[in-house]
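As a plain string of letters, each chain reads:
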Amino acid sequence: MHSPIFSLEIFPPKRNAPVGTIYDTLDGLEGLHPDFISVTYGTGKSSDRTATARIAHTVKREYGIDAVAHLTAMYVTKKDVDDTLEMFREAGVSSILPLRGDVVEGRTPAGVFTHASDLAAYIKSVDPSFKLFGACYPEGHPQSASLEEDIENLRKKVDSGVTHLISQLFYSTDEFLQFAELARKKDITVPIEAGIMPPVLAKSTLRMAKQCQAHVPRHLHQILEKWQGNKEALQQAGIVYASEQISELIANGVDGIHLYSMNHPKVVRRIWNNVSSLFEVVE
Ligand code: FAD
């Protein structure tokens, strides 16, 4: 276990992608020893419902790393959740990140679970042995009227059984630190990991930031603009940017760093090389 916590997110390959690509990702992460790897849950049409459990099983059983399986709430019934929990148990997965999920155009919500906290409470009621994680938003969830309102709702998430929070990506470290302070003032005492998305591609960084309504500081805009036509240079600058964010967060006492790997182990490895000595191994 690291102090602060060090974890990664990976996503299942698309339904028609070769199954071996996930092994390339996991092999590429060898030797990094994250405290856990979380595996996303796709809600789109090309997603395979069983992929999260299968990949979480691979992470746990074949690579010996704790796995956290994401599960979205909006389009599922209680029976779907019961079946998925059974799949997770069989896969040896004991940690879940319940999410509401994003709206998928053309799909009608099942109308059973409105918020992530409803799904969290349901999972706890049927099997309290699962450890539950939750998402949080340093700049407020885009659908919240204010950051304060979002933190009130985050409190409900924690009250429904979530004992570990992972943040949405952000590029302004100050915004995260202010959010964490506000959450503590509202008596949210569970660990809050900072979600770091390395800004290594200009278009997708700006697209994601827009989608998540994450503030892009002037300094980052300058980096993206200057090297948008030079893939290698932008990758290097993005790795430096993420490494500096991590260093500043750790200096300010963050509980953990959750790196959105985007299934790019080379980028993760280069960041880890820059920051590994900032993490202590406590066991
Ligand atoms: P909620 O916690 O339900 O919040 C959504 C909105 O409702 C917020 O505005 C909140 O303030 C409000 N709210 C929450 N609870 C209440 C309540 N009890 N009463 C009234 N209002 C409330 N998406 C995927 O499809 N698959 C994934 O694997 C995935 N992984 C993610 C991992 C992380 C770490 C993060 C940060 C996001 C992830 N997402 C994923 C995206 C996520 O599904 C979206 O951000 C979604 O819009 C909100 O999900 P949530 O679980 O935070 O929702």
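Above this text you will find the structure in question.
Residues numbered from 1 in each chain as written. Predicted model: local features only at pLDDT ≥ 70, side-chain atom pairs only at ≥ 80, totals over all residues. Heavy atoms only, no water.

Enquirer: Would you mind going over the nonpolar core with me for this structure?
Expert: Across soluble globular proteins, nonpolar side chains have a tendency to be buried as a group. With 64 residues, the main nonpolar core has I10, V81, F88, I123, L165, F176 and I257 as its most contacted residues. With residues up to four places along the chain from it excluded, the contact list for F176 reads P138, S167, F170, I192, E193, A194, L249 and V254. (Core = buried A, V, L, I, M, F, W, Y, C linked by side-chain atoms within 4.5 Å. Buried < 20%, exposed > 50% of the residue type's maximum accessible area, 1.4 Å probe, protein only. Contact = heavy atoms within 4.5 Å.)

Enquirer: Mind showing me how you'd approach the packing of helix α3 (residues 78–90) against helix α4 (residues 116–126) here?
Expert: Axis angle and axis distance: for two packed helices, these are the angle between their axes and the distance between the axes, and together they describe the pair. Running from N to C, α3 and α4 cross one another at 60°; their axes reach a closest spacing of 11 Å. With respect to their mutual orientation, α3 and α4 come out oblique. The element α3 and its partner α4 pack so that their crossing is right-handed. Of the residues in α4, those in contact with K78, V81, D82 and L85 of α3 are L119, Y122, I123 and V126. Across the contact of α3 with α4, the residue classes break down as six nonpolar, no polar and two charged. (Axes fitted to C-alpha atoms, helices over the stretch in contact; angles between N-to-C directions. Helix = DSSP H or I, 4+ residues; strand = E, 2+ residues; numbered from the N terminus. Parallel < 35°, antiparallel > 145°, perpendicular 65-115°, else oblique. Left-handed = near helix turned anticlockwise from the far one by under 90°. Nonpolar A, V, L, I, M, F, W, Y, C, P; charged D, E, K, R; others polar.)

Enquirer: Looking at this structure, how should I read the packing of aromatic side chains?
Expert: Aromatic ring pairs are defined here through the distance separating the ring centres and the angle between the ring planes. Under the defined criterion, the tally for this structure stands at nine aromatic pairs. Seen in terms of ring centroids, Y23 and Y63 are 6.5 Å apart; in terms of plane orientation they differ by 35°. Their pairing is tilted. Taken together, the residues Y23 in helix α1 (residues 21–28) and Y63 in the loop between α2 (51–62) and β4 (67–72) connect sequence positions 40 residues apart. By relative accessible area, Y23 is classed as partly exposed at 30%. Given the relative accessible area of 25%, Y63 is considered partly exposed. (Phe/Tyr/Trp six-rings, centres within 6.5 Å; stacked < 30°, edge-to-face > 60°.)

Enquirer: What exactly am I supposed to notice about the sheet that holds strand β2 (residues 5–10) here?
Expert: Whether parallel or antiparallel, the strands of a sheet pair through hydrogen bonds between backbone atoms. An order of β2-β3-β4-β5-β6-β7-β8-β9 is seen for the eight strands of this closed barrel, with the pairing classed as parallel. Strand after strand, the sheet turns through a mean of 25° between neighbouring axes, direction not considered. In terms of strand pairing, strand β7 (residues 162–169) meets strand β8 (residues 192–196) through three bridges, oriented parallel. Each residue of the ladder has a partner; that of L169, found in β8, is G195. Contacts from α2 reach β2, β3 (36–39) and β4, with the element oriented near 170° to β4. (Pairing = 2+ DSSP bridges.)

Enquirer: For this particular structure, what's the right way to read the pairing of β7?
Expert: In the case of a regular strand, side chains alternate between the two sheet surfaces. Taken across its eight residues, β7 has six buried, putting it largely inside the fold. Pairing of strand β6 (residues 131–136) with β7, which is carried by five bridges, proceeds in the parallel orientation. Residue pairing across strands places C136 opposite S167, the latter belonging to β7. The parallel pair β6 and β7 is bridged by helix α5 (residues 147–159), and the resulting crossover is right-handed. Chirality of the crossover, the property in question, places the unit of β7, helix α6 (residues 173–185) and β8 among those that are right-handed. (Right-handed = clockwise from strand over helix to strand, strands pointing away.)

Enquirer: When you look at the pattern of salt bridges in this model, what are you seeing that I'm missing?
Expert: When the charged atoms of two side chains lie near each other, side chains of opposite charge can form a pair. All told, the structure shown has nine salt bridges when counted by the stated rule. Two residues, D159 and R155, come together in a salt bridge whose shortest N-O distance is 2.7 Å. Linking D159 with R155, this pair stays in helix α5, spanning four residues, or about one helical turn. On the basis of relative accessibility, which here comes to 22%, the residue R155 falls in the partly exposed class. Between E181 and K185 there is a salt bridge, with the nearest N and O atoms lying 3.6 Å from each other. Of the two residues, E181 and K185 both sit in helix α6, four residues apart, roughly one turn of that helix. A relative accessible area of 48% places E181 in the partly exposed class. Overlapping salt bridges, with partners in common, bring together E86, R89 and D127 in one network. (Salt bridge = Lys/Arg side-chain N within 4 Å of Asp/Glu carboxyl O.)

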